[in-house]
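Observations on the three-dimensional arrangement
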Amino acid sequence: TTTMTADGPFQYILYLLSRERWINADVEAETGAGIVPFRYKKSNYVNAIQWGIGLELALLIKDPWKVHMTTDHPNGGPFTHYPKVIAWLMSKKAREKIINKINKNAKRRLDLPGIDREYTLYEIAIITRAATAKSLGLKNKGHLGIGADADIAIYDLDYERLNPTEDYKLVKKAFKQAAYTIKNGEIVVKNGEIVASPKGKIYWVNSKVSDDLQKAMLDDLKTKFEEYYTVKMENYIISESYLHDSFMLNVKSEV
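Now for a look at the structure at hand. Note that this is a predicted model, so its numbers are computed, not measured. (Residues numbered from 1 in each chain as written. Predicted model: local features only at pLDDT ≥ 70, side-chain atom pairs only at ≥ 80, totals over all residues. Heavy atoms only, no water.)

1. Points about the overall build of the protein chain
- For the protein chain, the helix and strand inventory stands at 9 helices and 9 strands.
- Its C-alpha atoms put the protein chain at 60 × 50 × 40 Å along the principal axes.
- Taken over 255 residues, the protein chain has a buried fraction of 27%.
- Accessible area for the protein chain stands at about 17,800 Å²; split by element, carbon and sulfur atoms hold 54% of it.
- Here the protein chain contributes 37 positive and 32 negative side-chain charges, whose respective centroids are spaced 9 Å apart. (Helix = DSSP H or I, 4+ residues; strand = E, 2+ residues; numbered from the N terminus. Buried < 20%, exposed > 50% of the residue type's maximum accessible area, 1.4 Å probe, protein only. Areas by Shrake-Rupley, 256 points an atom, 1.4 Å probe, with all protein chains shown as cover. Lys, Arg positive; Asp, Glu negative; His and termini not counted. Charge placed at Lys NZ, Arg CZ, Asp CG, Glu CD.)

Structure, rendered in structure tokens:
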């Protein structure tokens, strides 16, 4: 895989560990960006532990509404591997196939081999769609009810006949390429082929705080801009007029 993060020092550490290529850039933003090609190995103790930790977290947390599926933590894997992760969550047999190939010391340290839980498709929908939308306060996302944005992914799976434990390869194949992807009611992907590329909404948060707290925060922020940044605070602010299909989220903040 290729790790890409704004944590420049971390990327430098990965470079020292792997001795692969390392690219780091500072482009007048509040942080830099680093890229390092990195190869995770089943035989590597640390890599195997990283792989197991992510699955253990998801499988041991009983309430799926408290899980947001991501490959960024703790192992930094690419989102293109989501189908594999979903198959592992839905099938103990799929997990065992990998567990038997990983570093033996890591296998002994992990609790994963003894976890029998398998996610349902309903729970996968929660951790990949509904829970994340709810946490972000996006009432028009993560469901198919009245008022939703009609952002829909359709997969070639027969829910009534599917046995995820045994059919984990079918699960992985289906999630790897959606039969249809619908954005705001418009078909954008059909059988893996892009048929349209409409622009989506740009979401931003309007965090409401008391006037005195707002002024104190801005005064402190302006000082930091003058001391540490390469651009002025006035140049950093983006006017709403530049945002295509702007969507404001009003949030009342408390301290």
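So much for the structure itself; the text now carries on.
2. Points about a nonpolar patch on the surface
- On the surface, a nonpolar cluster with roughly 260 Å² of combined accessible area is contributed by Tyr 12, Leu 16 and Trp 22.
- With respect to the helices, strands and loops of the structure, Leu 16 is situated in helix H1 (residues 8–18). (Patch = residues over 30% accessible without salt bridge, like charges linked within 9 Å, V, L, I, M, F, W, Y side chains within 5 Å. Salt bridge = Lys/Arg side-chain N within 4 Å of Asp/Glu carboxyl O.)

3. Points about the side chain of Asn 47
- When you line up the elements, Asn 47 lands in helix H2 (residues 45–60).
- Here the side chain of Asn 47 touches Lys 41 through a polar contact of 3.1 Å, landing on its backbone nitrogen.
- Other than its neighbours up to four places away in sequence, Asn 47 contacts Phe 38, Arg 39, Tyr 40 and Lys 41. (Polar contact = N/O pair within 3.5 Å; in protein donor to acceptor, adjacent residues only side chain to side chain. Contact = heavy atoms within 4.5 Å.)

4. Quick notes on the nonpolar core
- Membership of the largest hydrophobic core comes to 29 residues, with the highest contact counts inside it found for Trp 51, Leu 89, Leu 112, Tyr 119 and Ile 124.
- Listed by contribution, the elements that provide at least two residues to this core are H2, helix H3 (82–90), helix H4 (92–99), helix H6 (121–135) and helix H7 (168–176).
- Not counting residues up to four positions away in its chain, the partners in contact with Leu 112 are Trp 51, Gly 52, Leu 55, Glu 56, Leu 59, Arg 95 and Ile 99. (Core = buried A, V, L, I, M, F, W, Y, C linked by side-chain atoms within 4.5 Å.)

5. Topic: the layout of surface pockets
- A volume near 1,300 Å³ is recorded for the largest pocket.
- Looking at the lining of the largest pocket, the elements that each hand over two or more residues are H3, H6, strand S4 (152–154), H7 and strand S5 (180–183).
- Top element by residues in the lining of the largest pocket is H6. It accounts for 9 residues. (1 Å grid on protein atoms, 1.4 Å probe; cavity = no way out; pocket = protein on both sides within 12 Å on 5 of 7 lines; lining within 4 Å. Points joined across faces, edges and corners; volume = space filled by probe spheres on them.)

6. Looking at the sheet that holds S4
- Pairing is antiparallel in the open sheet, where 4 strands are placed in the order S4-S5-S6-S7. Lying at the two open borders of the sheet, with one neighbouring strand each, are S4 and strand S7 (193–194).
- Where strand S6 (residues 186–190) meets S7, 2 bridges bridge the pair, whose relative direction is antiparallel. Pairing of Lys 190 across the sheet is with Glu 193, part of S7. (Pairing = 2+ DSSP bridges.)

7. Concerning the pattern of salt bridges
- Here the structure, examined in full by the defined rule, presents 12 salt bridges.
- Note that Glu 96 is salt-bridged to Lys 92, the shortest N-O span being 3.9 Å. In this pair, Glu 96 and Lys 92 both sit in helix H4, 4 residues apart, roughly one turn of the helix.
- The partner of Arg 117 in a salt bridge is Glu 123, with the nearest N and O atoms 3.3 Å apart.
- Residue class for Glu 123 comes out buried when judged on its relative accessible area of 17%.
- Because the salt bridges share partners, they merge into one network encompassing Lys 141, Asp 149, Asp 151, Lys 183 and Lys 201.

8. Points about the packing of aromatic side chains
- Applying the stated rule across the entire model yields 7 aromatic pairs.
- With centroids separated by 6.0 Å and ring planes inclined at 35 degrees, the aromatic side chains of Tyr 12 and Tyr 15 adopt a geometry described as tilted. Taken as a pair, Tyr 12 and Tyr 15 lie in helix H1 at a separation of 3 residues, close to a single helical turn.
- By relative accessible area, which is 23% here, Tyr 15 ends up partly exposed. (Phe/Tyr/Trp six-rings, centres within 6.5 Å; stacked < 30°, edge-to-face > 60°.)

So far we have only geometry, and geometry alone does not tell us how the molecule works.
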